[in-house]
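Below are the chains, spelled out letter by letter.
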Amino acid sequence: MRTIQMREALREAITEEMRRDENVFLIGEEVAEYNGAYKVSQGMLDEFGPRRVIDTPIAELGFAGIAVGAAMNGLRPVCEFMTFNFSLVAIDQVINASAKILSMSGGQFGNPIVFRGPTGSAGQLGAQHSQSFANWYANTPGLKVIEISNPYDAKGLLKSAIRDNNPVIFMESEQMYGDKGEVPEEGYLIPIGVADIKRAGTDVTIVSFGKIMKVALAAAEALAQENNIQVEVIDLRTVRPIDYKTVIESVKKTNRLVVVEEAWPLASISREISYEVQRQAFDYLDAPVRCITTRDVPLGYAPTFVEEFLPNTKRVTEAVKAVVYV
């Protein structure tokens, strides 16, 4: 094992898959000459050349369409959005083309493609650059949706996404590219659709994903130290398909559930999990399920707005204390 940054883990995943399969290529804004907006693709142009590491104009609809067409013809594009806020410009290609082409062509055309880039808030970037769309894309049959929280998961899941024969939405966080974590020297894959228990516990289950896992784990540590509440923390990692089995088994053990998510509350992943838990494990619940999401407003620019908008440790610990009746 060695300790590397998130951006390095992502770079290794793409590079290893490009070395393994000549049909894999990277396309997006500033991925080549500039080495990537967040330096994920640093050095890749030198190794693979401009035919496989392709800079594009600022035209998400256009280069997403090129990637979809390439995937229909047997290539495996990694299509990078500088932020998933900009993917809205290309959403017709993602949802009406990539996600549907296998079904609409009667299986004649597949679409093995990865749409990847940062999602969610990243400080004071304003309302149009601070949005989370995992639940939007997870609503679409034909897509798989991944949002990672650490370098180990990032590398293993991105390699699996590139090898997958379906279109995959792969989301990171701008605030995590410099985060460090242990990653094996040898290559490895993590299966898509399998959640991971990041912390074992017996009193209450917290489910989260993406960078908000930091909040969930910090809350679990604070609750253990201050109240002797042992929290089991589950990282979904994949939000389509959702690993309901791991969540349900945990709830059957702890009898309580808090779901934490960086997304607006209506039609969120947390609401979906709440429904499925009450459907499959109602008799095991000793308290109502609690959901901690962002506030139901566009994110303001001021730092006080950012602090109030996002799930934080205080909100999570209060929710846990409520469901354990402390």
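In the block above lies the structure referred to throughout.
These remarks concern the structure in this document.

What counts, and at which threshold
- Residues numbered from 1 in each chain as written.
- Predicted model: local features only at pLDDT ≥ 70, side-chain atom pairs only at ≥ 80, totals over all residues.
- Heavy atoms only, no water.
- Pairing = 2+ DSSP bridges.
- Helix = DSSP H or I, 4+ residues; strand = E, 2+ residues; numbered from the N terminus.
- Axes fitted to C-alpha atoms, helices over the stretch in contact; angles between N-to-C directions.
- Contact = heavy atoms within 4.5 Å.
- Buried < 20%, exposed > 50% of the residue type's maximum accessible area, 1.4 Å probe, protein only.
- Parallel < 35°, antiparallel > 145°, perpendicular 65-115°, else oblique.
- Left-handed = near helix turned anticlockwise from the far one by under 90°.
- Nonpolar A, V, L, I, M, F, W, Y, C, P; charged D, E, K, R; others polar.
- Expected span 1.5 Å × (residues − 1).
- Patch = residues over 30% accessible without salt bridge, like charges linked within 9 Å, V, L, I, M, F, W, Y side chains within 5 Å.
- Areas by Shrake-Rupley, 256 points an atom, 1.4 Å probe, with all protein chains shown as cover.
- Salt bridge = Lys/Arg side-chain N within 4 Å of Asp/Glu carboxyl O.
- Lys, Arg positive; Asp, Glu negative; His and termini not counted.
- Charge placed at Lys NZ, Arg CZ, Asp CG, Glu CD.

**With respect to the sheet that holds strand E6 (residues 144–147)**
Here 7 strands make up an open sheet; going across it, the order is E3-E2-E4-E5-E7-E6-E12 and the pairing mixed. Of all strands in the sheet, those bounded by a partner on one side alone are strand E3 (53–55) and strand E12 (238–240). Here the strands of the sheet are splayed against their neighbours by 20 degrees on average, with no regard to which way each runs. Relative to strand E7 (residues 168–172), strand E5 (residues 114–118) runs parallel, the two being bridged by 5 bridges. Bridge pairing in E7 links Arg-116 to Phe-170. Each of strand E2 (24–28), strand E4 (76–80), E5, E6 and E7 touches helix H7 (residues 151–163); the most contacted strand, E7, lies at about 160 degrees to it.

**Some points on the pairing of E5**
Most of E5 sits out of view: 5 of its 5 residues are buried. Relative to E5, E4 runs parallel, the two sharing 3 bridges. Paired with Cys-79 across the two strands is Phe-115, which belongs to E5.

**Quick look at the packing of helix H1 (residues 6–20) against H7**
For the pair H1 and H7, the least separation of the axes is 8 Å and the interaxial angle reads 30 degrees. Viewed along their axes, H1 and H7 adopt a mutual orientation that is roughly parallel. Read as a crossing pair, H1 and H7 show a hand that is right-handed. In contact with Met-6, Ala-9, Leu-10, Glu-12, Ala-13, Ile-14, Glu-16, Glu-17 and Arg-20 of H1, H7 contributes Pro-151, Ala-154, Lys-155, Leu-158, Lys-159, Ile-162 and Arg-163. Taken together, the residues of the contact of H1 with H7 break down into 9 nonpolar, no polar and 7 charged.

**Things to note about helix H8 (residues 213–227)**
Between the first and last C-alpha of H8 there are 20 Å, a value that for 15 residues agrees with the 21 Å anticipated at 1.5 Å per step. Where H8 is buried, its residues contact strand E9 (196–199), strand E10 (204–208), strand E11 (231–235) and helix H12 (313–323).

**Topic: the sheet that holds E11**
Spatially, the 5 strands line up as an open sheet ordered E9-E11-E10-E13-E14, and their pairing is mixed. Edge positions in the sheet fall to E9 and strand E14 (290–292), since each has one partner strand and no second. Averaged over all pairs of adjacent strands, the angle between strand axes in this sheet comes to 25 degrees, irrespective of strand direction. Note that strand E13 (residues 257–260) and E14 share 3 bridges and pair parallel. Bridged to Val-260 within E14 is Ile-292. In this fold H8 packs onto E9, E10 and E11, with an angle of close to 170 degrees to the strand it touches most, E11.

**Remarks on a negative patch on the surface**
On the surface, Glu-30, Glu-33, Asp-46 and Asp-55 cluster together into a patch of negative charge. One can find Asp-46 in helix H2 (residues 44–48). A relative accessible area of 74% means that Asp-46 is categorised as exposed.

**Here we look at the packing of helix H3 (residues 60–72) against helix H4 (residues 91–98)**
When two helices pack together, you describe them by how their axes are tilted relative to each other and by the distance separating the axes. Axis separation between H3 and H4 bottoms out at 8 Å; the angle between their running directions is 25 degrees. What the angle tells us is that H3 and H4 run roughly parallel. Of the residues in H4, those touching H3 at Leu-61, Ala-64, Gly-65 and Val-68 are Gln-93, Ala-97 and Ser-98. When the residues that make up the contact of H3 with H4 are grouped by side-chain class, the tally is 4 nonpolar, 3 polar and no charged.

Any functional reading would require information beyond the geometric quantities listed.
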